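# What the coordinates show
Listed below, chain by chain, are the residues.
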Amino acid sequence: MTVNTAADEKAYGELKEKIAAVEERIASACARAGRERESVRLVAASKLNSAERVALARMAGVRIFGENRVQELCEKRERGAYENAEVHLIGHLQKNKVKYVAGQVALIESVDSPELLAALNAFCEKNGTRQDVLIELNLDGEASKTGLPRSALEPLLEEAGNFSCVTVKGLMAIPPKCDNSAKNRDYFARMHELFVDIGRKKYDNVKMAELSMGMSADFEDAILEGATLIRVGTALFGARDYGTVGCL
Ligand SMILES: *Cc1c(COP(=O)(O)O)cnc(C)c1O
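Okay, so let's go over this structure. (Residues numbered from 1 in each chain as written. Predicted model: local features only at pLDDT ≥ 70, side-chain atom pairs only at ≥ 80, totals over all residues. Heavy atoms only, no water.)

Going through the model one piece at a time under the given rule, you end up with 16 salt bridges. In this structure, Arg-41 engages Glu-86 in a salt bridge whose closest nitrogen and oxygen atoms are separated by 3.4 Å. With Arg-41 in strand β1 (residues 41-45) and Glu-86 in strand β3 (residues 86-89), this pair connects stretches of sequence that are 45 residues apart. Given a relative accessible area of 30%, Arg-41 falls into the partly exposed group. Taking the relative accessible area as the measure of exposure, Glu-86 reaches 27% and is therefore partly exposed. A salt bridge links Arg-79 to Glu-52; its shortest N-O distance comes to 2.6 Å. With a gap of 27 residues between them, Arg-79 in the loop between α3 (70-78) and β3 and Glu-52 in helix α2 (residues 51-59) connect regions that are remote in the sequence. Of the residues examined, Glu-52 reaches a relative accessible area of 31% and is grouped as partly exposed. Here the salt bridges do not stand alone but share partners, grouping Arg-41, Glu-86 and Glu-210 into one network. (Salt bridge = Lys/Arg side-chain N within 4 Å of Asp/Glu carboxyl O. Helix = DSSP H or I, 4+ residues; strand = E, 2+ residues; numbered from the N terminus. Buried < 20%, exposed > 50% of the residue type's maximum accessible area, 1.4 Å probe, protein only.)

Listed below in structure tokens is the structure:
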């Protein structure tokens, strides 16, 4: 996809500035946490931003994009928005849409059921491909939220041993209190504890390498609590038109 940065000079400049500001926040959180900057990767949550805007962000330095909706991801991908970038699916995936993303994105961060994991593996097996995934957890079992209930995690990880074409690479979380970073920090800490615990247990086909948590309002806290992937939308792209999507 070719983007005319001269024509989009203003938008490009703004993205550059926002990326620099987010970078500064990441660097300072890493310094406070005593972590290497390289231990945290920035995923730009680009939902509701056009293919052109995504391509501009890539030119401005973004290396990983996270999309929520499969259809939106496919449309932007067809237009070449993600050339030379990595794409993660970070929103809910329905089993009937597995074919649009499995083996075609670097990471599916939002696997939230054993059935979905099985469907991904079956598709990959049939098509000679493979897929890395994270398990999206719903630690407190909030009914309004997506994510696998805590009690279902170990059974799913046991089952993952049977799936040779998918690898569980870690955990993802969306804390319930999108607007309350103090409470989120506690949630992040509990996620990290679980992440470390599971890592020690050594399930087949499971490598606890990535912990995806933290958004625009609270990614410093997530970094302090051990996030390896942060998913940042608003701080990079400005406010979205939320519509009925709630705090996401
Ligand atoms: C939109 C979204 C984000 C980013 O949220 P911001 O508050 O805009 O940074 C992170 N994770 C998921 C799953 C999202 O849908």
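Once that is clear, we can look at the packing of aromatic side chains. Per the stated rule, a full pass over the model turns up one aromatic pair. Pairing Phe-65 with Tyr-82 gives two aromatic rings, centres 6.0 Å apart and planes at 45°, and the pair type is tilted. One end of the pair, Phe-65, is in strand β2 (residues 64-67); the other, Tyr-82, is in the loop between α3 and β3, with 17 residues separating them in the sequence. A relative accessible area of 6% means that Tyr-82 is categorised as buried. (Phe/Tyr/Trp six-rings, centres within 6.5 Å; stacked < 30°, edge-to-face > 60°.)

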